[in-house]
Amino acid sequence: MNNFTQDTQPQQPNPDEAKKNPTVENIQQLGQTVTPQAESNIFCMTIIGQVEGHLVLPPQNKTTKYEHLIPQLVAAEQNSKIEGVLIILNTVGGDVEAGLAIAEMIATLSKPTVTLVLGGGHSIGVPIAVSSNYSIIAETATMTIHPIRLNGLVIGVPQTFEYLDKMQERVNRFITRHSRVTEEKLKELMFKTGELTRDIGTTVIGPDAVKYGLINAIGGVGDAIRELNRRIEEKRNTQTGGMVQ
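Residues numbered from 1 in each chain as written. Predicted model: local features only at pLDDT ≥ 70, side-chain atom pairs only at ≥ 80, totals over all residues. Heavy atoms only, no water.

Caption draft 1: Representation of the layout of surface pockets. Taken as a whole, the largest pocket encloses approximately 820 Å³ of empty space. The wall of the largest pocket is formed by 31 residues, among which Gly 94, Asp 95, Val 96, Arg 149 and Asn 151 lie closest to the centre. With six residues, helix 6 (residues 157-177) is the largest single contributor of residues to the lining of the largest pocket. Taken together, the residues that form the lining of the largest pocket break down as 17 nonpolar, ten polar and four charged. (1 Å grid on protein atoms, 1.4 Å probe; cavity = no way out; pocket = protein on both sides within 12 Å on 5 of 7 lines; lining within 4 Å. Points joined across faces, edges and corners; volume = space filled by probe spheres on them. Helix = DSSP H or I, 4+ residues; strand = E, 2+ residues; numbered from the N terminus. Nonpolar A, V, L, I, M, F, W, Y, C, P; charged D, E, K, R; others polar.)

Caption draft 2: How the structure looks around the packing of helix 6 against helix 7 (residues 183-190). Following both chains from N to C, one finds helix 6 and helix 7 inclined at 125°, their axes separated by 10 Å at the closest point. Viewed along their axes, helix 6 and helix 7 adopt a mutual orientation that is oblique. By crossing handedness, the relation of helix 6 to helix 7 is classed as right-handed. Note on element contacts: helix 7 touches helix 6 through Glu 183, Leu 186, Lys 187 and Met 190, opposite Gln 168, Glu 169, Asn 172, Ile 175 and Thr 176. Partitioning the contact of helix 6 with helix 7 into residue classes produces three nonpolar, three polar and three charged. (Axes fitted to C-alpha atoms, helices over the stretch in contact; angles between N-to-C directions. Parallel < 35°, antiparallel > 145°, perpendicular 65-115°, else oblique. Left-handed = near helix turned anticlockwise from the far one by under 90°. Contact = heavy atoms within 4.5 Å.)

Caption draft 3: Inspection of helix 7 at higher detail. Buried residues of helix 7: Leu 186, Leu 189 and Met 190, and no others. Projected down its long axis, helix 7 shows its buried positions confined to an angular sector of 100°, all on one face. As for helix 7, its buried residues are in contact with strand 6 (142-145), helix 6 and strand 7 (202-205). (Buried < 20%, exposed > 50% of the residue type's maximum accessible area, 1.4 Å probe, protein only. Arc of directions from axis to C-beta.)

Caption draft 4: Local environment of the nonpolar core. Ranked by internal contacts, the top residues of the largest apolar core, which has 45 residues, are Met 45, Ile 47, Ile 102, Ile 137, Ile 145 and Ile 215. Top element by residues in this core is helix 4 (residues 96-107). It accounts for six residues. Residue contacts for Ile 145: discarding those within four places in its chain leaves Val 126, Leu 186, Leu 189, Met 190, Gly 201, Thr 202, Val 204 and Leu 214. One finds Leu 86, Ile 88, Ala 224 and Leu 228 within the second-largest nonpolar core, a separate group that totals nine residues. (Core = buried A, V, L, I, M, F, W, Y, C linked by side-chain atoms within 4.5 Å.)

Caption draft 5: How the structure looks around the pairing of strand 5 (residues 134-137). Two strands pair when backbone bridges link them, and strand 4 (residues 113-121) and strand 5 are joined in this way by four bridges, in the parallel orientation. Looking at strand 5, one finds that Val 117 is bridged to Ile 137. The handedness of the strand 4 to strand 5 crossover, carried by helix 5 (residues 125-130), is right-handed. As paired strands, strand 5 and strand 8 (residues 217-218) are joined by two bridges and run parallel to one another. Bridged to Ile 136 within strand 8 is Ala 217. (Pairing = 2+ DSSP bridges. Right-handed = clockwise from strand over helix to strand, strands pointing away.)

Caption draft 6: Up close: the pattern of salt bridges. Considering all chains together, one arrives at 13 salt bridges under this definition. One salt bridge connects Arg 226 with Asp 223, and the closest N-O pair in it is separated by 3.1 Å. Taken together, the residues span about one helical turn, with Arg 226 and Asp 223 both in helix 9 (residues 221-244) at a distance of three residues. On the basis of relative accessible area, Arg 226 is assigned to the exposed category, the value being 54%. Through salt bridges with shared partners, a single network forms among Glu 227, Arg 230, Arg 231 and Glu 234. (Salt bridge = Lys/Arg side-chain N within 4 Å of Asp/Glu carboxyl O.)

Caption draft 7: Spotlight on helix 6. Between its first and last C-alpha, helix 6 extends 30 Å over 21 residues, near the 30 Å set by a 1.5 Å rise per residue. For helix 6, the set of buried residues is Thr 160, Leu 164, Met 167, Gln 168, Val 171, Asn 172, Phe 174 and Ile 175. Projected onto a plane normal to the axis of helix 6, the buried residues spread over an arc of 160° and lie on a single side. More than 90 degrees from the buried face of helix 6, the exposed residues found are Pro 158, Gln 159, Lys 166 and Arg 177. As for helix 6, its buried residues are in contact with helix 4, helix 5 and helix 7. (Expected span 1.5 Å × (residues − 1).)

Caption draft 8: The arrangement of the pairing of strand 6 in detail. Burial along strand 6 is two-sided: Thr 142 and Thr 144 and Met 143 and Ile 145, pointing in opposite directions, are all buried. Pairing of strand 6 with strand 7 involves four bridges; the strand directions are antiparallel. The residue bridging Ile 145 from the neighbouring strand is Thr 202, located in strand 7.

That's the geometry; what it means functionally is another story.
Right under this line is the structure:
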């Protein structure tokens, strides 16, 4: 009888199979064969879908988690290679406190910031849109301005109303402080009836947002990057002038 020895050594994976094909991966993930690789001195941050706050939203919702954005902004502030921050907005709004937290962080960055509203900058997206040094909106983009709404069980109606009123004041104060819109005009847009279905408020289209003083200018990606580069260069010249003196 012949004795056959069985090889018990596990087969090593083929290194060629282990390597992922970057072209195929780009097609699967991004739908394109080539991705830009050039390093930039501008950090681009996108806020899309619904701003997710303290509660986790259903998985079918397209969300932006504020706990993901905060470390990114801190990293951009600390990174000496980053000279400017571009924030691109296409949001339906979301958690009020999370949105205000993001807006406050953008407003307090020491580096030049520009926001670009594409598609929509609704609800709590309005404070985020005006939080930068300069704001731009696409001609077809819209911004929905309405009072704060509360979902869920309400216990103690007078106390809840007082809480909502104070929170609304926080939002209004931030918007008027970081834009050219007056408090009277903001409240007029916010409490207008008959324009939104089953609600009060106003949907403001791009040119009207500029006319009311909410946004600085009409434009697109090229305009936003051009303005940001101008502000970066201006800051460089200021720092150089200070060093010479």
